[in-house]
Amino acid sequence: MANKLIDLGIRPLRGYISLEKKMQHVQKELDHLRHQWDNMIARVQGAQSHLRKKRKRAVEEWLKAVDEIKIEFGSLKEQAQQASFYSIYARLKMVQHADKMIKEVTELGASLEEILPDGLLVETEWQGQKIETNLKEIWAWLMNDGISSVGIYGMAGVGKTTLAKRIYEDFVIGTKFSDKVYWVTASQEGTIHKLQDSVAIAINVDLSNEEDERKRAAKLFLALSRMEDFVIILDDVWIPFDINKIGIPLGLDGSKLIVTSRSLEVCHQVGCQKEIKVKPLCEKEAWTLFLEKLRPSLELPLHVKEIAKSMVQRCGGLPLGIITLAGNMKGVDDIHEWREALEELEGSFLGQNDNLFDSLHLSFNHLRDSRLKECFLYCSFYPENYKIPRDELIRLLILEGFMDKRRSRLSLFDQGHVMLKRLESICLLESHTEVNVSNYRETECVKMHCLIRDMALTIMDFDSKYMVKSGRCLKHIPDEIEWKEDLEKVSLLHNNISLIPSGTSPNCPKLSSLNLASNPLRLIPDSFFFRLRALRVLNLSRNCELEMLPNSISQLGNLTALLLFDCCRLSFVPPIGKLKALRELDLCHTAINNVPEGMERLVNLNCLNMDSTGLRMIPDGTIYRLSHLQSLRIPEDVEVRVEELKALKHLEEFQGPCQITNKKVTLRGMELEGKNAIVLPEDIQQLAIIKCHGLGTCLTSAFSLFNIQKSGLTGCLIDNCPELECIMKVSSSDDQLVGKRMLSPWAPLESIEHLSLHFLPNFVGLFKWEIEFDRPPCRIFCHLKSISISRCNTMTTIFTPWLLQHLQNLEVVEVLSCDRLEEIIADKEGGNMVFSPSDDDQHSFITYINFPRLKKLTLQHLPKLRSICEGTIICDSIENIRLMGCKNLAWMPLSFSSIGGQPNPPPALTAVEILKEELEWWKLLQWKDPGLGNVIQPFVQFVAEFPVV
């Protein structure tokens, strides 16, 4: 016992005496560490300057730690020199500090050994404009306290992980996150347990003794909650998960999560507040990256450079493909090798690069729905870089049987759009818009990246049931030896095939789909279809040289779709009465003059398109027998008896003298007088009446004609109908069905959201009262969001006071070229509407009018307009005001919220548009608040001429 006491007394004394030795030990270890530091700096600087590489994050952290140790030792050394030899407590504390430093320096030296095997540097990634733009956007999100989670998504090999590594390696250096950025690679299985293990390793938490996922999550949550300002990067996430189940405490101050995935859906389901899509490189950036990775000793000769650029283009801007290509061509300087490589590349790039194929193929393998896989493969039937119209593609997917059976055509198209959206969200398809240069109409399209299409074609190469040779400039149909017996689908779309040799007869008993569209075919021999009895879908569209079909088509009893769209010279179709399975027949834009023989026997036909043909008449009873029709399109000048249309109980789309599409009805150039209401469906949502006669003077009176008796109509366009005088007219006591809105003629006005009235020469106003009554109809226009009126040259007023209470949802008011219009809102009721004295006091004069949602006000070319309103209009939501050609207007009644009694512009206001030539008028225009004109002056934009609305 005495010895122990003596030992306890001597031990501090030994430490007290050994301080100098301890300091020398620390100095020795630091000298060794400094030597390691000098060697590393030299190696790093040399490699950075010659090899275009940069330091790894671990190297940065090691060097930073060495600097901190050196500073700490300097401070300790200074304290030791200043401390008195007799200050026992201070010397003991310094000895303990020196022991701690010896341990830290030893561990720091050992940690270098862990860094060295993996190398000190990482490749310097390309510095393209797109990646820099993405980095800045992500940086701004990370610095925003209101955003805690960011998703980075894009197709395989596009640079998602590269972008995340830039953030991990150096983008957060010098910020509050610099010491607490953790990289976690998610496994493809993506189980909660595995993700917890990966996060635990990254943040140095031991979960080895805990199997319960909830307790593991609690440990991780507690550990992360103790940190401040941390970033967790979860790379390559395939399956969505619940962040809370992992144990990541999102929402705490400074906590950030970055997720990289091939799927936008995964980013959404994980709960990312912001998402950014990484897109392929542009041509210039792709070439720069290729040269960086190729690192030629000399500049490429011009003839090699042209070949190399063609090869890089074949990669479609995909960094992984470009890097792979550069690796394959590194050191190659012979022109023959370059040409041979280009030839092989034009066949299939992926076939030569297993790693690249495997990376892209993972996205396909993760499609759990077999129909989605079939849909994806079908998209590769189109040529490379082809923008496929969505509706055309969905129509073909329906015909190929890739959809669930649905009762309506609309629901099938909805299902098709959902499937394409799914493929877009996982970046196997890209969304595009194609603009028709002749009419500037936009068409929504999808496109396959060229390497994704390569992957799809490679998959199909392993399956003998496909033959795809689209867009290859073929002049001849493939030899019969290529038409294998197992073939089920063939696409020869977009080639230069003009002739199928006489006697050609492929033996493909299983072939169900044949696409020969967009070829200059002139003749198809009768023998061609003899041994194709299983054929279901035959697409010969856009064969502009084809004049007649072979008689053998009449024997294709399993045919469900015969597509001849845009075969503009086609004048003969053989009898089709035996094609009892046929569901779709498209003869649009052909030279057909008569209904094909036997068409009335196609009792299963769902879709018939004979629009833009030479057809003059349809024999009575033909349409009546096609009772399963869902879509019917005929020329505008071909009449169909109402009784026959009435028999089509499944009809959803009709285009002819009128057009019915997805609950939208367009009547164009029709004589409406005497028409039967049965023509239109009961549940239409949008109605357009254009250049029609016989509509009558009042629109609501025509609603019964069109079978519109209930609310549900959301849009109404009336254009160039000369008889129309008003929307609603009350001419007898029988019309006052105010309390019976479901049966009243104005019931549809309750649900209308968009009203457009154009070129109506006799239109006097929205309402016309020919009798006296004591209260107005209730809820009229209560859902109205936009009203557009132009060239109604008899009208003098638009709104009356009693109507204003129903216009609280109004967002857009456009009034153009109405020569006699004097006021937008009348100061009192007109016509024969009378109210009780109290009502009269309320409605005859209104001091303040509130339009809480009004965003756009356009008053253009209204020469007699003298007043917008006698009262004050409050519209703090206004975004755009356009006043042009209203020189008779002297007073602007608009008013906005004020701050401290001073007028203030609306927060959403972007522009007040005025004609340049009307500058003097603008200066003289009076405002309700004298200072308001000056407040909005910064938003004024002077234009040279009337804009096209």
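The rules behind each value
- Residues numbered from 1 in each chain as written.
- Predicted model: local features only at pLDDT ≥ 70, side-chain atom pairs only at ≥ 80, totals over all residues.
- Heavy atoms only, no water.
- Helix = DSSP H or I, 4+ residues; strand = E, 2+ residues; numbered from the N terminus.
- Buried < 20%, exposed > 50% of the residue type's maximum accessible area, 1.4 Å probe, protein only.
- Contact = heavy atoms within 4.5 Å.
- Expected span 1.5 Å × (residues − 1).
- Pairing = 2+ DSSP bridges.
- Axes fitted to C-alpha atoms, helices over the stretch in contact; angles between N-to-C directions.
- Phe/Tyr/Trp six-rings, centres within 6.5 Å; stacked < 30°, edge-to-face > 60°.
- Lys NZ or Arg CZ within 6 Å of the ring centre and 35° of its normal.
- Salt bridge = Lys/Arg side-chain N within 4 Å of Asp/Glu carboxyl O.
- Core = buried A, V, L, I, M, F, W, Y, C linked by side-chain atoms within 4.5 Å.
- Arc of directions from axis to C-beta.
- Polar contact = N/O pair within 3.5 Å; in protein donor to acceptor, adjacent residues only side chain to side chain.
- Parallel < 35°, antiparallel > 145°, perpendicular 65-115°, else oblique.
- Left-handed = near helix turned anticlockwise from the far one by under 90°.
- Nonpolar A, V, L, I, M, F, W, Y, C, P; charged D, E, K, R; others polar.
- pLDDT = per-residue confidence, 0-100.
- Patch = residues over 30% accessible without salt bridge, like charges linked within 9 Å, V, L, I, M, F, W, Y side chains within 5 Å.
- Areas by Shrake-Rupley, 256 points an atom, 1.4 Å probe, with all protein chains shown as cover.
- Lys, Arg positive; Asp, Glu negative; His and termini not counted.
- Charge placed at Lys NZ, Arg CZ, Asp CG, Glu CD.
- Disulfide = S-S within 2.5 Å.

**Student:** Got a sec to walk through the overall build of the protein? Specific residues and values, please.
**Tutor:** Within the protein one finds 26 helices and 41 strands. Counting across all 949 residues of the protein, residues that qualify as buried make up 50%. In the protein, 65% of the contacts between residues at least 6 apart in sequence involve partners at least 24 apart.

**Student:** Can you lay out helix α11 (residues 283-294) for me, pointing to particular residues and giving the numbers?
**Tutor:** Helix length check: α11, at 12 residues, gives a terminal C-alpha distance of 16 Å against a target of 16 Å (1.5 Å per residue), a fit within 8%. Among the residues of α11, Glu285, Ala286, Trp287, Leu289, Phe290, Glu292, Lys293 and Leu294 are the ones counted as buried. Positioned one or two residues after α11, Arg295 has a phi angle of 45°, which is positive.

**Student:** Account for the environment of Pro296, naming residues and giving values.
**Tutor:** Structurally, Pro296 is set in the loop between α11 and α12 (302-313). Sequence separation between Pro296 and Lys330 is 34 residues, and the spatial gap between their C-alpha atoms is 7.3 Å.

**Student:** Summarise the sheet that holds strand β5 (residues 231-237); cite the residues concerned and give the values.
**Tutor:** Read from one edge to the other, the open sheet built from five strands follows the order β4-β5-β6-β3-β7, with strand pairing classed as parallel. Of all the strands in the sheet, just β4 (181-185) and β7 (274-277) have a single pairing partner and so form its edges. With direction set aside, neighbouring strand axes in the sheet form an average angle of 15°. Of the strands in this sheet, β3 (149-153), β6 (256-261) and β7 are in contact with helix α5 (residues 129-142), which crosses β7 at around 170°.

**Student:** Would you mind going over the environment of Pro748 in detail, with residue names and values included?
**Tutor:** Along the chain, Pro748 falls in the loop between β24 (726-730) and β25 (754-758). Counting along the chain gives 32 residues from Pro748 to Ile780, while the straight-line C-alpha distance between them is 8.6 Å.

**Student:** Tell me what's going on with the packing of aromatic side chains, and back it up with residues and numbers.
**Tutor:** According to the stated counting rule, one finds 11 aromatic pairs in the structure shown. Judged by centre distance (4.8 Å) and plane angle (40°), the ring pair of Tyr378 and Phe381 falls under tilted. Looking at Tyr378, the relative accessible area reads 4%, which means it is buried. Taking the relative accessible area as the measure of exposure, Phe381 reaches 3% and is therefore buried. Ring pairs connect the aromatic residues Tyr378, Phe381, Phe402 and Tyr466, which therefore count as one cluster. One residue, Lys309, lies across the ring of Trp287, its end atom 5.5 Å from the ring centre.

**Student:** Describe unusual backbone geometry, with residues and values.
**Tutor:** Not every positive phi belongs to a glycine, and Asn385 is a case in point at roughly 65°. Here Asn385 lies in the loop between α16 (370-379) and β8 (388-389). With phi around 60°, Asn720 is a residue other than glycine that occupies positive phi space.

**Student:** Go over the sheet that holds strand β36 (residues 894-895), please, and point to the residues and values.
**Tutor:** Spatially, β31-β33-β36 is the arrangement adopted by the three strands of the open sheet, whose pairing is parallel. Two strands close off the open sheet at either side, each with one partner strand: β31 (848-850) and β36.

**Student:** Break down the pattern of salt bridges for me, with residues and values.
**Tutor:** Enumeration according to the criterion identifies 27 salt bridges in this entry. For Glu584, the salt bridge goes to Arg395, with nearest N and O atoms at 2.5 Å. Taken as a pair, Glu584 in strand β16 (residues 584-586) and Arg395 in helix α17 (residues 390-399) lie far apart in primary sequence, 189 residues in all. A relative accessible area of 5% places Glu584 in the buried class. When its relative accessible area of 19% is taken as the criterion, Arg395 is described as buried. Close ionic contact of Glu400 with Lys489 constitutes a salt bridge, the shortest N to O distance being 2.8 Å. Of this pair, Glu400 sits in the loop between α17 and α18 (409-425) while Lys489 sits in strand β12 (residues 489-491); the two residues are 89 residues apart in sequence, bridging distant segments of the chain. Residue Glu400 is classed as buried on the basis of its relative accessible area, which comes to 7%. One salt-bridge network, in which partners are shared between bridges, spans Arg395, Arg409, Glu584 and Asp586.

**Student:** I'd like a rundown of the nonpolar core, residues and numbers included.
**Tutor:** The biggest cluster of nonpolar side chains holds 132 residues, and the ones touching the most others in it are Trp483, Leu766, Phe781 and Phe799. The residues contacting Phe799, other than those within four sequence positions of it, are Leu766, Ile787, Leu804, Leu807, Leu810, Ile824, Ile825 and Ala826.

**Student:** Help me get a handle on α5, residues and values and all.
**Tutor:** A rise of 1.5 Å per residue sets the reference length of α5, with its 14 residues, at 20 Å; its end C-alpha atoms lie 20 Å apart and thus fit the reference within 8%. Of all the positions in α5, only Ile131, Asn134, Leu135, Ile138, Trp141 and Leu142 are classed as buried. Relative to the axis of α5, the buried residues are bounded by an arc of 120° and lie together on one face. Residues of α5 that are exposed and point more than 90 degrees away from the buried face comprise Gln129 and Lys136.

**Student:** Can you explain the side chain of Arg882? Please cite residues and give values.
**Tutor:** Relative to the elements of secondary structure, Arg882 occurs in strand β34 (residues 880-884). On the accessibility criterion, Arg882 (10% relative accessible area) is buried. A polar contact of 3.3 Å, which involves the side chain of Arg882, links it to the side chain of Glu913.

**Student:** Which residues make up the packing of α16 against α17, and what values go with them?
**Tutor:** Two elements in contact, α16 and α17, have axes separated by 11 Å at closest approach and are oriented at 125°. The angle between α16 and α17 places the two elements in the oblique class. Classified by chirality, the crossing of α17 by α16 is right-handed. Every residue of α17 that contacts α16 at Cys375, Tyr378 and Cys379 is listed here: Leu393, Leu396 and Leu397. By residue class, the composition of the contact of α16 with α17 is six nonpolar, no polar and no charged.

**Student:** Talk me through the side chain of Thr872; I want residue IDs and the actual numbers.
**Tutor:** For Thr872, the location among the structural elements is in strand β33 (residues 872-874). Judged by relative accessible area, which is 8%, Thr872 ranks as buried. Other than its neighbours up to four places away in sequence, Thr872 contacts Thr847, Tyr848, Ile849, Pro893, Ser895 and Lys928.

**Student:** Which residues make up the confidence of the model for the protein, and what values go with them?
**Tutor:** Overall, the predicted model of the protein reaches an average pLDDT of 82, with 82% of residues at or above 70. Counted against residues more than four places away or in other chains, residues 1-13, with its pLDDT under 50, gives two contacts. Note that pLDDT drops below 50 for residues 116-124; the model gives that stretch 30 contacts with residues more than four away or on any other chain.

**Student:** Hey, could you go over the pairing of strand β10 (residues 442-447) for me, with residue numbers and the actual values?
**Tutor:** Judged from the two bridges that link them, β8 and β10 form a sheet pairing that is antiparallel. Pairing of Pro389 across the sheet is with Cys445, part of β10.

**Student:** How would you summarise a negative patch on the surface if you had to cite specific residues and measurements?
**Tutor:** Taken together, Glu340, Glu343, Glu344 and Glu346 make up a surface patch of like negative charges. Relative to the assigned elements, Glu344 resides in helix α14 (residues 335-347). Residue class for Glu344 comes out partly exposed when judged on its relative accessible area of 38%.

**Student:** Tell me about the packing of α17 against α18, and name the residues and values.
**Tutor:** With their axes 9 Å apart at the nearest point, α17 and α18 run at an angle of 110° to one another. Classified by the interaxial angle, the pair formed by α17 and α18 is roughly perpendicular. For the pair α17 and α18, the contacting residues are Arg390, Asp391, Leu393, Ile394, Arg395, Leu397 and Ile398 in the first and Arg409, Leu412, Phe413, Gly416, His417, Leu420, Lys421 and Glu424 in the second. In terms of residue class, the contact of α17 with α18 is made up of seven nonpolar, two polar and six charged.

**Student:** How would you summarise the environment of Cys445 if you had to cite specific residues and measurements?
**Tutor:** Looking at the secondary structure, you find Cys445 in strand β10. Residue classification places Cys445 among the buried positions, given a relative accessible area of 2%. Separated by 52 residues in the primary sequence, Cys445 and Leu393 place their C-alpha atoms 8.9 Å from one another. If sequence neighbours within four positions are ignored, Cys445 has contacts with Lys387, Ile388, Pro389, Arg390, Glu430, Ser431, His432 and Glu434.

**Student:** Describe the state of the cysteines, with residues and values.
**Tutor:** The final tally for this structure, using the stated rule, is zero disulfides. We note that Cys726 lacks a disulfide partner, and the nearest cysteine sulfur, in Cys698, lies 4.2 Å from it. In this structure Cys726 comes out as buried when scored by relative accessible area, which is 0%.

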